Amino acid sequence: TVKDLIHWRDPKKSGLAFGLSMLVLLSLAAFSVISVVSYLLLALLCVTITFRIYKSVIQAVQKSSDGHPFKTLIEKDVSIPPETFRKHVDCGLTHINRALKQMSRLFLVEDLVDSLKLAVIMWLFTYVGAVFNGITILILADILLFAVPPIYEKNKAQIDKYIDLVRTQVNTTMAKLQEKLPGAVKGSKTE
């Protein structure tokens, strides 16, 4: 599972997944998406053609009739059942509708505080965007995805202690803010 990969339960699989994801992201940083996809598919095609020719030569030398080396894969049914497709489309539609509802709630200022939080986050993202481009952020996210879970597992007690301190500080600050601005925070929803 993905959880086992990012927690490095099997270092070989995790290393392979991390290496491949970094290879794809670094390739995307240097080349266009079309070039990266074309090179990956070309590499896959080269491997399968080479393997097919190798097996054909081995069969000719040994005078065996094993047949096509990918016969079991060719005969495998790769079609998607309509029920599975509909289920995933319905699930995706549910998520899209939920996101649209949340966006309309935030952008039409149903709750002033939530809309202001979004504004602050977007303002901070303008600074992040000025420093990093999208692919750099994806590369950093990939590194963090594979680095943070094992570090957290090894230092869980210490990290949780600091997270509780930060949570307490944030809650205290929010409580003070609510005392100073009771109308803006508590009564911000439009009826």
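Residues numbered from 1 in each chain as written. Predicted model: local features only at pLDDT ≥ 70, side-chain atom pairs only at ≥ 80, totals over all residues. Heavy atoms only, no water.

The next subject is the packing of aromatic side chains. The way to describe two aromatic rings as a pair is by their centre distance and the angle between their planes. What the rule picks out here adds up to six aromatic pairs. Ring centres 6.0 Å apart and planes at 75° place the aromatic pair Trp-8 and Phe-146 in the edge-to-face group. One end of the pair, Trp-8, is in the loop between helix H1 (2-6) and helix H2 (11-30); the other, Phe-146, is in helix H7 (residues 134-154), and 138 residues separate them in sequence. A relative accessible area of 30% places Trp-8 in the partly exposed class. The aromatic ring of Tyr-162 is capped on one face by Lys-161, whose charged end is 5.5 Å from the ring centroid. (Phe/Tyr/Trp six-rings, centres within 6.5 Å; stacked < 30°, edge-to-face > 60°. Helix = DSSP H or I, 4+ residues; strand = E, 2+ residues; numbered from the N terminus. Buried < 20%, exposed > 50% of the residue type's maximum accessible area, 1.4 Å probe, protein only. Lys NZ or Arg CZ within 6 Å of the ring centre and 35° of its normal.)

Next up on the list: H2. A rise of 1.5 Å per residue sets the reference length of H2, with its 20 residues, at 28 Å; its end C-alpha atoms lie 28 Å apart and thus fit the reference within 8%. Along H2, the residues classified as buried are Ser-14, Met-22, Leu-25 and Ser-27. Taken together, the buried residues of H2 touch H1, helix H3 (33-62) and H7. (Expected span 1.5 Å × (residues − 1). Contact = heavy atoms within 4.5 Å.)

Two elements in contact, H7 and helix H8 (residues 156-180), have axes separated by 5 Å at closest approach and are oriented at 100°. It follows that H7 is roughly perpendicular to H8 by the angle criterion. Taking contact as the criterion, the partners of Ile-151, Tyr-152, Glu-153 and Lys-154 in H7 are, on H8, Lys-156, Ile-159 and Asp-160. Grouping the amino acids of the contact of H7 with H8 by side-chain chemistry returns three nonpolar, no polar and four charged. (Axes fitted to C-alpha atoms, helices over the stretch in contact; angles between N-to-C directions. Parallel < 35°, antiparallel > 145°, perpendicular 65-115°, else oblique. Nonpolar A, V, L, I, M, F, W, Y, C, P; charged D, E, K, R; others polar.)

Moving on: the confidence of the model for the chain. Predicted coordinates in areas of low pLDDT are best not read in detail. The predicted model of the chain averages 88 in pLDDT, with 95% of residues at 70 or higher. No element of the chain has a lower mean pLDDT than helix H9 (residues 182-185), which averages 54, and none a higher one than helix H5 (residues 82-107), which averages 95. In the predicted structure, residues 185-191 sits below a pLDDT of 50 and forms 11 contacts with residues beyond four places in sequence or in another chain. (pLDDT = per-residue confidence, 0-100.)

Before going further, it helps to spend a moment on the UniProt feature "transmembrane region" (unreviewed entry) in the chain. Per the UniProt record, the feature "transmembrane region" (unreviewed entry) sits at residues 20-47 and 131-152. The annotated region residues 20-47 carries 93% helix and 0% strand content, and the separation between its end C-alpha atoms amounts to 16 Å. Across residues 131-152 one finds 91% helix and 0% strand; the C-alpha atoms that close the span lie 27 Å apart. (UniProt positions renumbered as here; feature names shortened; annotations may be inferred.)

Let us now look at a nonpolar patch on the surface. A cluster of nonpolar side chains, Ile-121, Met-122, Phe-125, Val-128, Val-131, Phe-132, Ile-137, Leu-140 and Ile-143, forms an exposed patch at the surface whose accessible area comes to about 750 Å². Those elements that provide at least two residues to the nonpolar patch are helix H6 (112-131) and H7. For the nonpolar patch, the leading source of residues is H6, giving five residues. For Phe-125, the location among the structural elements is in helix H6. (Patch = residues over 30% accessible without salt bridge, like charges linked within 9 Å, V, L, I, M, F, W, Y side chains within 5 Å. Areas by Shrake-Rupley, 256 points an atom, 1.4 Å probe, with all protein chains shown as cover. Salt bridge = Lys/Arg side-chain N within 4 Å of Asp/Glu carboxyl O.)

Residues other than glycine seldom take positive phi values, yet Trp-8 does so here, at roughly 55°. With phi around 55°, Val-109 is a residue other than glycine that occupies positive phi space. In this structure, Val-109 sits in the loop between H5 and H6.

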